[in-house]
Amino acid sequence: QVQLVESGGGLVQAGGSLRLSCAASGSTFSINAMGWYRQAPGKQRELVAGITSGGVTNLSDSVKGRFTIYRDNAKNTMYLQMNSLKPEDTAVYYCKATAWRFHNGYDYWGQGTQVTVSS
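About the criteria used
Residues numbered from 1 in each chain as written. Predicted model: local features only at pLDDT ≥ 70, side-chain atom pairs only at ≥ 80, totals over all residues. Heavy atoms only, no water. Pairing = 2+ DSSP bridges. Helix = DSSP H or I, 4+ residues; strand = E, 2+ residues; numbered from the N terminus. Axes fitted to C-alpha atoms, helices over the stretch in contact; angles between N-to-C directions. Salt bridge = Lys/Arg side-chain N within 4 Å of Asp/Glu carboxyl O. Buried < 20%, exposed > 50% of the residue type's maximum accessible area, 1.4 Å probe, protein only. Lys, Arg positive; Asp, Glu negative; His and termini not counted. Polar contact = N/O pair within 3.5 Å; in protein donor to acceptor, adjacent residues only side chain to side chain. Contact = heavy atoms within 4.5 Å. Core = buried A, V, L, I, M, F, W, Y, C linked by side-chain atoms within 4.5 Å. Disulfide = S-S within 2.5 Å.

### Section: the sheet that holds strand E1 (residues 2-7)
Here 4 strands make up an open sheet; going across it, the order is E1-E3-E8-E7 and the pairing antiparallel. Two strands close off the open sheet at either side, each with one partner strand: E1 and strand E7 (67-72). Geometrically, the sheet is characterised by an average inter-axis angle of 15 degrees between neighbouring strands, direction not taken into account.

If you want it as structure tokens, here you go:
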């Protein structure tokens, strides 16, 4: 019932910037939280940043001061602004949305977008 489409990944040199977008469609009214995760080769998927329906955000320590998560509710789109990128930021970045119906939560994932930071 919720579809997520990610875009904005690519190749960038260390110190550069990228902005990832996650466009939600379908039953977007049911979404109460969204977030960005990333997974590097051989590593577990980790939470990078999250934002609730109330606008409360959190960032992992590794990206604080460099990344910003925000939403454009009119466009049903979530963004991850990534500045001062480092090679260790290289990963597939995934958008996730959590939708609640009654007392049940459902997670939806985007297809992922590759971010590669060269040194």
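Picking up where we left off.
### Structural notes on the pairing of E7
Strand direction decides the pairing type here: E7 and strand E8 (residues 77-82), joined by 6 bridges, are antiparallel. Within E8, the residue paired with isoleucine 69 across the bridge is leucine 80. From the end of E7 to the start of E8, which pair antiparallel, there are 4 residues, and asparagine 76 there has a positive phi angle of about 50 degrees.

### Overview of the pattern of salt bridges
All told, the structure shown has 4 salt bridges when counted by the stated rule. Where glutamate 46 meets arginine 38, a salt bridge forms, and the shortest distance between an N and an O atom there is 2.9 Å. By relative accessible area, which is 6% here, arginine 38 ends up buried.

### Points about the side chain of lysine 96
Along the polypeptide, lysine 96 turns up in strand E9 (residues 91-101). One buried charged side chain, lysine 96, makes no salt bridge at all; its nearest oppositely charged neighbour is aspartate 107, positioned 4.1 Å away. A polar contact is formed between the side chain of lysine 96 and the side chain of tyrosine 37, at a distance of 2.9 Å. If near-sequence neighbours (up to four positions away) are discounted, lysine 96 is found in contact with Leu4, Ala33, Met34, Gly35, Tyr37, Asp107, Tyr108 and Trp109.

### Considering the nonpolar core
As a rule of thumb, nonpolar side chains are buried together in soluble globular proteins. Judged by nonpolar contacts, the single largest core of 28 residues is most densely connected at Leu4, Met34, Trp36, Leu80, Met82 and Tyr93. Of all the elements in the fold, those that place two or more residues in this core are E1, strand E3 (18-26), strand E4 (31-39), strand E5 (46-52), E7, E8, E9 and strand E11 (113-118). Sort the elements by how many residues they give to this core and E9 lands first, with 5 residues.

### Digging into the state of the cysteines
Tallied over the full model, the rule gives 1 disulfide. Each sulfur in the disulfide pair cysteine 22 and cysteine 95 lies 2.0 Å from the other. The disulfide joining cysteine 22 to cysteine 95 has a torsion of about -75 degrees about its S-S bond and is therefore left-handed. With a gap of 73 residues between them, cysteine 22 in strand E3 and cysteine 95 in strand E9 connect regions that are remote in the sequence. You'll find cysteine 22 and cysteine 95 in the same group, each marked buried.

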